[in-house]
Amino acid sequence: MSLPCARSLVALLLTGFSVHAAENPPGERRSGYDFMAPDTRAIQDDDTANPGMLWVLDGGVLWKRKEGNAGKSCADCHGDADNSMKGVAPRYPAFDKTLGRPVDLEQRINLERTRHQEAPPLVYESRDLLALTAFVARQSRGMAIAVGDDPELKPFIAKGQELFMLRQGQLNLACSNCHDDNWDKRLAGSAITQAHPTGYPLYRLEWQSVGSLQRRLRGCITGIRAQPYDYGAVELVELELFMMTRAQGMKMESPAVRP
Amino acid sequence: MAAALINVPARAKRGDIIEIKTLMSHIMETGYRRTAAGDLVTRDIVTSFTCRYNGKEIFHADLFPAIAANPFLSFFIVAQDSGKFEFEWIGDRGFSETASASITVE
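Residues numbered from 1 in each chain as written. Chains lettered and ligands numbered in written order. Predicted model: local features only at pLDDT ≥ 70, side-chain atom pairs only at ≥ 80, totals over all residues. Heavy atoms only, no water.

*Asks:* Go over the packing of aromatic side chains with me, naming the residues and quoting the values.
*Replies:* All chains considered together, the criterion is met by 14 aromatic pairs over all chains. Here F95 of chain A and F156 of chain A contribute two aromatic rings whose centre-to-centre distance is 6.3 Å and whose plane-to-plane angle is 50°, an arrangement assigned as tilted. In this pair, F95 of chain A sits in strand β1 (residues 94–96) while F156 of chain A sits in helix α8 (residues 154–165), placing the two residues 61 residues apart along the sequence. There is no split in this pair, since F95 of chain A and F156 of chain A are both buried. Between Y124 of chain A and Y231 of chain A the ring centres are 5.8 Å apart and the planes differ by 15°, which places this aromatic pair in the stacked class. Of this pair, Y124 of chain A sits in the loop between α6 (105–117) and α7 (127–138) while Y231 of chain A sits in the loop between α10 (213–223) and α11 (234–246); the two residues are 107 residues apart in sequence, bridging distant segments of the chain. By relative accessible area, Y124 of chain A is classed as partly exposed at 24%. Clustering of aromatic rings is evident, with ring pairs tying together F49, Y53, F59, F75, F85, F87 and W89 of chain B. The aromatic ring of F35 of chain A is capped on one face by R30 of chain A, whose charged end is 4.3 Å from the ring centroid. A cation over a ring is seen here: R218 of chain A above Y231 of chain A, with NZ or CZ 4.3 Å from the ring centre. (Phe/Tyr/Trp six-rings, centres within 6.5 Å; stacked < 30°, edge-to-face > 60°. Helix = DSSP H or I, 4+ residues; strand = E, 2+ residues; numbered from the N terminus. Buried < 20%, exposed > 50% of the residue type's maximum accessible area, 1.4 Å probe, protein only. Lys NZ or Arg CZ within 6 Å of the ring centre and 35° of its normal.)

Structure representation (structure tokens):
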């Protein structure tokens, strides 16, 4: 090997190494927002341009609507959501003592419906459930994610982490293969993010709708050609729980906008 | 539950160029998609949008199937008089929504 050639190889190795080391220091976490184009960020930043706010508006109406045999609305017990729901979404998924397992925000809303309003649960990804969830989550925008400190959740977080690291599907990929190991790269033109669920439920331009974290997870699982877990499955909640724990301290953006 | 989000500045100086932003909740079903059974999903889109400023039409848009769900339209006008903006969306299946906003021009 000639000297110039060897030099360039050394330079390549050095730059390659330094770029990697600079872009992936442990503990540096970035929201999906940081990976977006300025135009998409502008949609999220302006509440009158963010289509997610349409769901929030609907949720505000549903919050006051009386439902079920009990004839109660959310507001009848919880009052003004500005105060009562502030700081709630950053704590979910949370442990439900009756069920003995964690429930996410959608499941909590449905539990409140069945237990207190005596109304049938809302269907996953239905407009009403997404609207109520978006409305509740909106009250915590800018607050730090606070999931992960409850000792009762420990085994479920560990299970979620296991699922996050589990290679599956025809492509034999785990969540971590992309979102831990390759988040600074692109996949078919799209940025691979670090998978911090800071803005759910969020408006995805691809969906042309608001969707839940479970919908996003199912999309990813289908992408690796594995059989997705059903909506409401314990596995999905455990994954949500682990991911929210992993994002502890990051700021809530709900309803976020993503490409 | 159709809903519109409107952003009009509450105040402006006469002669100022102001931006008006509107967002309408709508699925904008193209009419080109098929169900799993192969049947066409009927088109359901907003076909027209109109903005009136103190009764006079100042902006009109025709919308087509290629426009994304929840159409967002923004446009600029010169603030002339205090008064009211009226917005109207008309679409398939008898869709019709209105909204309004006031402005004070000094």
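*Asks:* Before we move on, can you summarise the pattern of salt bridges with the specific residues and values?
*Replies:* Scanning all chains against the criterion turns up 19 salt bridges over all chains. For the salt bridge of K21 of chain B with D46 of chain A, the shortest nitrogen-to-oxygen distance reads 2.4 Å. Separated into two different chains, K21 of chain B in strand β3 (residues 17–24) and D46 of chain A in the loop between α2 (38–45) and α3 (52–63) make up a pair that spans both. Like K21 of chain B, the residue D46 of chain A is buried in the burial classification. Where D76 of chain A meets K66 of chain A, a salt bridge forms, and the shortest distance between an N and an O atom there is 2.9 Å. With D76 of chain A in helix α4 (residues 74–78) and K66 of chain A in the loop between α3 and α4, this residue pair connects regions lying 10 residues apart in the sequence. What makes K66 of chain A exposed here is its relative accessible area of 53%. One salt-bridge network, in which partners are shared between bridges, spans D96, R108, E112 and R115 of chain A. (Salt bridge = Lys/Arg side-chain N within 4 Å of Asp/Glu carboxyl O.)

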